[in-house]
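Structural characterization, general
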Amino acid sequence: MRDLVAVFDFGSQYAQLIVRRVRELGVYAEIVRHDISKSDLMGIFPCALVFSGGPSSVLAPGHPEVDPEIMELNIPTFGICYGMQLVARFLGGKVEKGNSGEYGPASIEVVGAQSIFYGLGPCLDVWMSHGDHVVGLPEGFHILAGTASCPMAAIGNDEKKFYGVQFHPEVVHTPKGKDILGNFLYRVAQCKGGWTMSAFIEECTRDIRNRVGDSTVICALSGGVDSAVTAAMVNRAIGTQMQSIFVDNGLMRTAEVNEIRSLFSSSYPLNLTVVDACDRFLHNLKGITDPEEKRKIIGETFIQVFREEAKRLENARFLAQGTLYPDVIESSSAHGGPSSTIKSHHNVGGLPDEIGFELIEPFRYLFKDEVRLLGRELGLPDKLVFRQPFPGPGLAIRILGEVTSENLAVLRKADIIVQEEVKKHDGYRDIWQSFAVLLPVKSVGVMGDERTYANVVALRVVTSVDGMTADWVKLPYEVLGRISSRIINEVKGVNRVVYDISSKPPSTIEWE
């Protein structure tokens, strides 16, 4: 059995980043809800626990807590910020509200270098973000590091293997943070490691075969990276027992349907059926402007189509889809924790309560870059593996307002221009996503000496690693100029182009 580190979600914006760092160190990790029961926790056999930070105060009534019985299991535990304060207070230490918060870079002096700070030197740069701090040690604990304003910046109990840090080792602003986590995993928790994509493929293949038996699996294929790698993974496990279905929902980009049909019949052939459901989707979206409602309608309509297709197949009990960890995290707190819902992804929060299938989601706990690595391991072509992400709801969530055939036509023409011009840019390979958004506003313009009152298109171009955070791309002015000029001149009904220069957070990558 592989090692598993359980990351307790106390509402931290960095909880998923902790998971990433642990996996990068060769140990598998998952987020669990902060109030998971002892019995449920033991059911996943964790080798170590990490308590995340969070926005709450352990001094406030009703703050997120942990099942007391878990603290008595003597599983190696690492508390970060709020997690450290929670452990310290629970075990009899003292936490106080600071006179002022400590946010940003700091330098800690290491005084205990035999455990989590082994081999890292006497002074480390770290990233602080806290108001409360520990001022009294629990019995059996000792100070490992401190600063002038935070004498107990790191504490530990070597016998219990409980450790805590007041800073955030998971962020890049703590240069040796990964080494600190590595020391905890390998020196303290004595994890064996071995988390690799090849090991995951073997494990996933075995699990799918055992679960499916002789049943048929419908694989929802969108043509994007996630669903394509899912199809390749399921195909590896059960071969012709999988029927890939691509639903043309009328919300795709220009020529995309033909590209997908060609790709999965020549470059990487799969057992593929293409279903034309354009009219049904547009009919169901008529008059709908609320983003959440759009996503739910699209999710429900997909399921209706898959149910109908299942009737012509023998024993089609399962539906495979390319759900990823960011989809789960944004659609709801990853495991019912205190994190808030950002938006319902059509394949997670957008699904109806009763779908009529058992779901197979082999990548539900993987990040996008991990899926890309997996795709290469499975032999998918680079042109597919490194394709820019495209949302499952398609252009519906890039039209702010009602989705109509007229609006789709305008957006498709604008989006082609964006793709053509951005691909000419030298830094194209570093771009995560680039696309056009049709805004629900009109603006006054002058074209051919005449007044116009026409649509506004926004450009969104971002860099990212996994889609959980993103920054806008500083495209050269000449690139922006060409895109703007071409859209205004070539797309009838548009007289203004604007550029989105917001990062994620506080914004999301998509506008809806």
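Above this text sits the structure in question.
Residues numbered from 1 in each chain as written. Predicted model: local features only at pLDDT ≥ 70, side-chain atom pairs only at ≥ 80, totals over all residues. Heavy atoms only, no water.

Take the side chain of aspartate 132 next. One can find aspartate 132 in strand β6 (residues 123-136). Within the buried set, aspartate 132 has no salt-bridge partner at all; the shortest N-O distance to an opposite charge, 4.2 Å, is to lysine 97. Among the polar contacts listed, one links the side chain of aspartate 132 to the side chain of serine 57, at a separation of 2.5 Å. (Helix = DSSP H or I, 4+ residues; strand = E, 2+ residues; numbered from the N terminus. Buried < 20%, exposed > 50% of the residue type's maximum accessible area, 1.4 Å probe, protein only. Lys, Arg positive; Asp, Glu negative; His and termini not counted. Salt bridge = Lys/Arg side-chain N within 4 Å of Asp/Glu carboxyl O. Polar contact = N/O pair within 3.5 Å; in protein donor to acceptor, adjacent residues only side chain to side chain.)

Glancing now at the nonpolar core. Of all hydrophobic cores here, the largest spans 116 residues; its most connected members are Phe8, Phe51, Ile218, Phe306, Phe363, Leu374 and Ile487. If one sorts the elements of this core by residue count, helix α6 (residues 225-238) sits on top with 9 residues. Other than its neighbours up to four places away in sequence, phenylalanine 363 contacts Phe200, Asp226, Val229, Thr230, Met233, Thr323, Leu324, Tyr325, Val371 and Leu374. Listed in part, the 44 residues of the second largest apolar core include Val7, Ala29, Val110 and Phe367. (Core = buried A, V, L, I, M, F, W, Y, C linked by side-chain atoms within 4.5 Å. Contact = heavy atoms within 4.5 Å.)

Here we come to the pattern of salt bridges. This model, assessed by the stated rule, comprises 28 salt bridges. In this structure, aspartate 382 engages arginine 376 in a salt bridge whose closest nitrogen and oxygen atoms are separated by 3.3 Å. On the basis of relative accessibility, which here comes to 45%, the residue arginine 376 falls in the partly exposed class. Linked through salt bridges whose partners overlap, the residues forming this network are Glu420, Glu421, Lys424, Arg482, Arg486 and Glu490.

Quick look at the pairing of strand β16 (residues 450-463) now. Of all 14 residues that make up β16, 10 are buried, and the element is covered over most of its length. Bridge count for strand β15 (residues 433-447) against β16 is 12 bridges, and the pairing is antiparallel. Counted as the bridge partner of valine 446 is arginine 451 from β16. In this antiparallel pair of consecutive strands, β15 and β16, the connection spans 2 residues, and glycine 448 shows a positive phi of 65°. In this structure, β16 lies alongside strand β18 (residues 494-499), joined through 5 bridges in parallel fashion. Its bridge partner being in β18, valine 456 is matched across the sheet by arginine 496. (Pairing = 2+ DSSP bridges.)

Sheet strands associate in pairs through backbone hydrogen bonding, adopting either a parallel or an antiparallel arrangement. Pairing is parallel across the open sheet formed by 5 strands, whose spatial order is β12-β11-β10-β13-β14. The outermost strands of the open sheet, each flanked by one partner alone, are β12 (272-276) and β14 (358-360). Averaged over all pairs of adjacent strands, the angle between their axes in this sheet comes to 30°, without regard to strand direction. Where strand β10 (residues 216-220) meets strand β13 (residues 316-320), 4 bridges bridge the pair, whose relative direction is parallel. Among the inter-strand pairings, isoleucine 218 is bridged to a residue of β13, identified as leucine 319. Those strands touched by helix α9 (residues 291-310) are β10, β11 (242-248), β12 and β13, and its axis lies near 135° from that of β11. (Axes fitted to C-alpha atoms, helices over the stretch in contact; angles between N-to-C directions.)

A word on the packing of helix α5 (residues 197-212) against helix α11 (residues 368-377). Geometrically, a packed helix pair is captured by the angle between its two axes and the distance between the axes. Contact geometry of α5 with α11 gives a least axis separation of 10 Å together with a crossing angle of 75°. Comparing the axis directions of α5 and α11 gives the class roughly perpendicular. Listed contacts from α11 to Met197, Ser198, Phe200 and Ile201 of α5 are Glu370, Leu373, Leu374 and Glu377. Residue composition of the contact of α5 with α11, grouped by class: 5 nonpolar, 1 polar and 2 charged. (Parallel < 35°, antiparallel > 145°, perpendicular 65-115°, else oblique. Nonpolar A, V, L, I, M, F, W, Y, C, P; charged D, E, K, R; others polar.)

Looking at the secondary structure, you find threonine 323 in the loop between β13 and α10 (325-331). At 2.7 Å, the side chain of threonine 323 forms a polar contact with the side chain of glutamate 361.

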